[in-house]
Amino acid sequence: MALIELSGVGRRYGSGRTSVVALRGVDLEVQAGEFVSVMGPSGSGKSTLMNVLGLLDKPSEGTYTLAGRPMHRLTGRQLAGERNRRIGFVFQAFFLLPRLTLAENVAVPLIYRGVAGLARRRLAVRALESVGIADLADRRPTEVSGGQQQRAAIARALVAEPALILADEPTGALDSHTGAGIMALFQDLNARGLTIIQVTHEPDIARHGIRLIRVRDGRLAAEERVRDRLLAKDVLAQWSGGAEPGGRLADAPEEGIGVDAH
Ligand SMILES: Nc1ncnc2c1ncn2[C@@H]1O[C@H](COP(=O)(O)OP(=O)(O)OP(=O)(O)O)[C@@H](O)[C@H]1O
Ligand SMILES: [Mg+2]
């Protein structure tokens, strides 16, 4: 059984002559344990697709089955329950709350699940550990780097142990080296069984996935297995190979990392 099954999914915003069709006739299956990259031009419907998959938005037509359950039949309240239980979100802009520490940010989803304070702290620190920044648990978002903020956001996505991570431009606000670090983390999580779907504009980020889906004009235009998959660990090793003795990175290309690795 597929983890995700979309059949004939459409999403129209507004009605009448001014309506916008953001998705049309989308059929998609994603198996548990896949790592899927979604690419496509601006306005092609990628975020709309992610919002539908993440139960943040309802399709105007078609059916969505998640883990064998028909999501299109559920009420708003039931959808919120499914979302909290099964899905973790990662966004380009991190969306951490500035007045809370990283541990408190990571613990937020647990409040909604009714987990008690002490247990929340313990689970949050464990999630921060799993993304390599447990030592920053008591800092606020402004006191850490962009890459560390994204790690904290990923820890928050992981803390309730979802089956599915949905990431919309997770590296969009990060430099390429930091982005490669996030891809290393995703590949690690994926190797441990987590299903990941990410939207990206960067071909080299997309190449960390197992499967690539291209969206065009609200439709799934093409689908392929990633042939020359990038392993983020290799990409990062290349960067440290280029580091000077003082630890400063040598001038590394902004684009095309790993493309000419062989
Ligand atoms: N809330 C909304 N109301 C009306 N139209 C919307 C809404 N959200 C998205 N759209 C329209 O739906 C289409 C798809 O938008 P979507 O945000 O999914 O694109 P995208 O592929 O994520 O683009 P980008 O790469 O710029 O993030 C666009 O034409 C957009 O203007
Ligand atoms: Mg978008």
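Residues numbered from 1 in each chain as written. Chains lettered and ligands numbered in written order. Predicted model: local features only at pLDDT ≥ 70, side-chain atom pairs only at ≥ 80, totals over all residues. Heavy atoms only, no water.

Undergrad: Outline the overall build of the chain, listing residues and values.
TA: If you tally the helices and strands in the chain, you get 8 helices and 10 strands. Taken over C-alpha atoms, the radius of gyration comes to 19 Å for the chain, in line with the 18 Å a tight globule of 262 residues would show. Projected onto the principal axes, the alpha-carbon positions of the chain cover approximately 60 × 50 × 35 Å. Residue pairs at least 24 apart in sequence account for 67% of intrachain contacts in the chain once pairs closer than 6 positions are excluded. (Helix = DSSP H or I, 4+ residues; strand = E, 2+ residues; numbered from the N terminus. Rg over C-alpha atoms; globule rule 2.2 N^0.38 Å. Contact = heavy atoms within 4.5 Å.)

Undergrad: I'd love a proper account of the site of ligand 1, names of residues and values included.
TA: All residues adjacent to ligand 1 are Tyr13, Val20, Ala22, Pro41, Ser42, Gly43, Ser44, Gly45, Lys46, Ser47, Thr48 and His201. The separation between an oxygen atom of ligand 1 and a polar main-chain atom of Gly45 is 3.0 Å. Between ligand 1 and Ser47, the relevant distance is 2.9 Å, taken from an oxygen atom to a main-chain nitrogen or oxygen of the residue. Calculation on ligand 1 without its partners gives an accessible area of 640 Å², and the protein chains cover 57% of this total. Sorting the residues of the shell around ligand 1 by element identifies strand 2 (20-30) and helix 1 (46-53) as the ones contributing at least two each. No other element matches the 3 residues that helix 1 contributes to the shell around ligand 1. In the shell around ligand 1, the residues fall into 4 nonpolar, 7 polar and 1 charged. (Near = heavy atom within 4 Å. Polar contact = N/O pair within 3.5 Å; in protein donor to acceptor, adjacent residues only side chain to side chain. Areas by Shrake-Rupley, 256 points an atom, 1.4 Å probe, with all protein chains shown as cover. Nonpolar A, V, L, I, M, F, W, Y, C, P; charged D, E, K, R; others polar.)

Undergrad: I'd love a proper account of the environment of Asp138, names of residues and values included.
TA: Among the secondary structure elements, Asp138 is positioned in the loop between helix 4 (117-130) and helix 5 (146-158). Distance from Asp138 to Val125, taken between C-alpha atoms, is 9.7 Å for residues 13 residues apart in sequence. Residues contacting Asp138, with those up to four places away along its chain left out, are Thr101 and Arg121.

Undergrad: Can you tell me about the environment of Gln198, naming the residues and giving the values?
TA: Note that Gln198 resides in strand 8 (residues 195-199). Judged by its relative accessible area of 0%, Gln198 falls in the buried class. Note: C-alpha distance between Gln198 and Val36 (162 residues apart in sequence) is 6.3 Å. Not counting residues up to four positions away in its chain, the partners in contact with Gln198 are Phe35, Val36, Ser37, Val38, Met50, Ala167, Pro170, Met183, Phe186, Ile205 and Ala206. Separated by 3.1 Å, the side chains of Gln198 and Ser37 make a polar contact. (Buried < 20%, exposed > 50% of the residue type's maximum accessible area, 1.4 Å probe, protein only.)

Undergrad: Mind laying out the sheet that holds strand 4 (residues 61-66), listing which residues take part and the relevant values?
TA: Sheets are built from strands paired through backbone hydrogen bonds, the pairs being either parallel or antiparallel. Across the sheet, which stays open at both edges, the 4 strands sit in the order 2-1-4-5 with antiparallel pairing between neighbours. Among the strands making up the open sheet, the edge pair consists of strand 2 and strand 5 (69-70). Looking at chain direction, strand 1 (residues 4-13) and strand 4 are connected through 5 bridges and run antiparallel. Bridge assignment links Glu5 to a residue of strand 4, and that residue is Thr65. With respect to the sheet, helix 1 is in contact with strand 1, strand 2 and strand 4, its orientation differing from that of strand 1 by roughly 125°. (Pairing = 2+ DSSP bridges. Axes fitted to C-alpha atoms, helices over the stretch in contact; angles between N-to-C directions.)

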